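These are the residues of each chain, in order.
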Amino acid sequence: LIPPQISDSRMNPAVAAFIHRARDRVTKQLDSPRTWGALGMTLMQHDLPEEALQCFAVAGRQDGADARWDYYSAVILEQHDLPQALQHFRVAVEKNSEYVPARIRFASALIASGQGDDAVSQLVQAQKREPQNPAVYLQLLRASRLLPGAEPGTNWLNVARENSAVSRALFEEAAQIELTLGRQSEAERLMQEAANLDVDRPPHDPWLDAVKALDAS
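Residues numbered from 1 in each chain as written. Predicted model: local features only at pLDDT ≥ 70, side-chain atom pairs only at ≥ 80, totals over all residues. Heavy atoms only, no water.

Thoughts on the environment of Asp8
- Considering the arrangement of structural elements, one finds Asp8 in the segment before helix H1 (13–28).
- Of the residues examined, Asp8 reaches a relative accessible area of 33% and is grouped as partly exposed.
- Taking the C-alpha atoms as reference, Asp8 lies 9.4 Å from Ile19; in sequence the two are 11 residues apart.
- Dropping the residues within four chain positions of it, Asp8 is found in contact with Ala16 and His20. (Helix = DSSP H or I, 4+ residues; strand = E, 2+ residues; numbered from the N terminus. Buried < 20%, exposed > 50% of the residue type's maximum accessible area, 1.4 Å probe, protein only. Contact = heavy atoms within 4.5 Å.)

A few points about the pattern of salt bridges
- By the definition in use, this model includes 11 salt bridges.
- The salt bridge involving Arg189 is made with Glu186; its shortest N-O contact spans 2.4 Å. A residue pair is termed a helical-turn pair when its members lie 3 or 4 positions apart in one helix, as Arg189 and Glu186 do in helix H11 (residues 184–195) at 3 residues.
- In this structure Arg189 comes out as partly exposed when scored by relative accessible area, which is 39%.
- We classify Glu186 as partly exposed; its relative accessible area is 26%.
- Between Glu193 and Arg189 there is a salt bridge; the shortest N-O distance is 2.7 Å. One end of the pair is Glu193 and the other is Arg189, both in helix H11 and 4 residues apart, which spans about a single turn.
- Among the ionic contacts, a cluster of salt bridges with common partners joins Arg161, Glu186, Arg189 and Glu193. (Salt bridge = Lys/Arg side-chain N within 4 Å of Asp/Glu carboxyl O.)

Some details on the nonpolar core
- Judged by nonpolar contacts, the single largest core of 69 residues is most densely connected at Leu43, Met44, Phe56, Tyr71, Tyr72 and Phe89.
- The element contributing the most residues to this core is helix H6 (residues 100–112), with 8 residues.
- In this structure, Phe89 is in contact with Tyr71, Ala74, Val75, Glu78, Ala102, Arg105, Phe106 and Ala109, ignoring residues within four places of it in sequence. (Core = buried A, V, L, I, M, F, W, Y, C linked by side-chain atoms within 4.5 Å.)

Digging into the packing of helix H5 (residues 82–95) against H6
- Packing of H5 against H6 brings their axes to within 10 Å, and their N-to-C directions diverge by 150°. Compared by their axis directions, H5 and H6 come out roughly antiparallel. In this structure, the crossing between H5 and H6 has a hand that is left-handed. Counting all contacts with H5, which are made through Leu82, Leu86, Phe89, Arg90 and Val93, the residues of H6 involved are Ala102, Arg103, Arg105, Phe106, Ala109, Leu110 and Ala112.
- Taken together, the residues of the contact of H5 with H6 sort by class into 9 nonpolar, no polar and 3 charged. (Axes fitted to C-alpha atoms, helices over the stretch in contact; angles between N-to-C directions. Parallel < 35°, antiparallel > 145°, perpendicular 65-115°, else oblique. Left-handed = near helix turned anticlockwise from the far one by under 90°. Nonpolar A, V, L, I, M, F, W, Y, C, P; charged D, E, K, R; others polar.)

As for the packing of aromatic side chains
- According to the stated counting rule, one finds 10 aromatic pairs in the structure shown.
- Between Phe56 and Trp69, the aromatic rings sit 6.0 Å apart at their centres with planes inclined by 15°, giving stacked as the arrangement. Placement of Phe56 in helix H3 (residues 49–62) and of Trp69 in helix H4 (residues 68–77) is noted, with a sequence separation of 13 residues between them.
- For Phe56, a relative accessible area of 2% translates into the label buried.
- Look at Trp69 and Tyr72: their rings are 6.2 Å apart centre to centre, the planes differ by 50°, and that puts the pair in the tilted class. One end of the pair, Trp69, and the other, Tyr72, are both in helix H4, 3 residues apart, so they sit about a helical turn from each other. Grouping residues by exposure puts Trp69 and Tyr72 together as buried.
- Through a chain of ring-to-ring contacts, three or more aromatic side chains come together here, namely Phe56, Trp69, Tyr71, Tyr72, Phe89, Tyr99, Phe106 and Trp207. (Phe/Tyr/Trp six-rings, centres within 6.5 Å; stacked < 30°, edge-to-face > 60°.)

Nothing here speaks to function; it is geometry throughout.
Set out below in C-alpha cells:
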C-alpha cells in the first residue's frame, strides 16, 4: 500500500507541510486504519477529495466497524455521484445506528434522489433518538413533499412544536408547503413565525467538525 502522492507546487506551504506529515505517519503505519483515516480527513478538508476517498477506502477495509470512513466518503460523493453516496450512507448508518447526523444527511440525499418513503424511514429513527433536533423535522417536512397529501408535513410540524424543536428553516419549509396547497394566509402566518426566530445555527455534526479542525490554512 502506498498513500496517494500529493502535488504541492501551488499549495499553501503550511498546508503542504501539514499534509506531508499526515502522509508520513501513514507510511510508517501502513496497517493502521486510524492513520489512513486521519490522512483522508486532512485531504478532505484541503479540497483533495479523490485522494481522500482512496484513504477512506483503505481505512474501511482495515477497520470494517468504523462508520466514519463510509460517512466521509458519502459526504464527498454526494457532490457528484449520488448513487454511490447513498450506498456509503446506508453502510454508515448500518455500522453506527446511533449517530443521528449521518441519518439526517442520508435522508437529505434520499430526498434529492426522490426516495421520500426511505427518507422518512431514516428520519423516524433519528427522531426517536433526538426528538428535540430541529434538523430532523426540517428533513421530514422536505420528505413529506414527495409523498401524497399535506398531512404528513403538517403532523411533523406539530410534533416539532410539541418538542420545542422549531427553527426558522422549519417554518419557512412549512410555509412553502402551504403555498403549494394554495393556502396563502397560513403560509404568511408561518413566515411571520419564522421571522420572529433567531437565525438557525449550523447542524451539529461532530464527525465533520473533526475534519474542519484539521484546517491548516
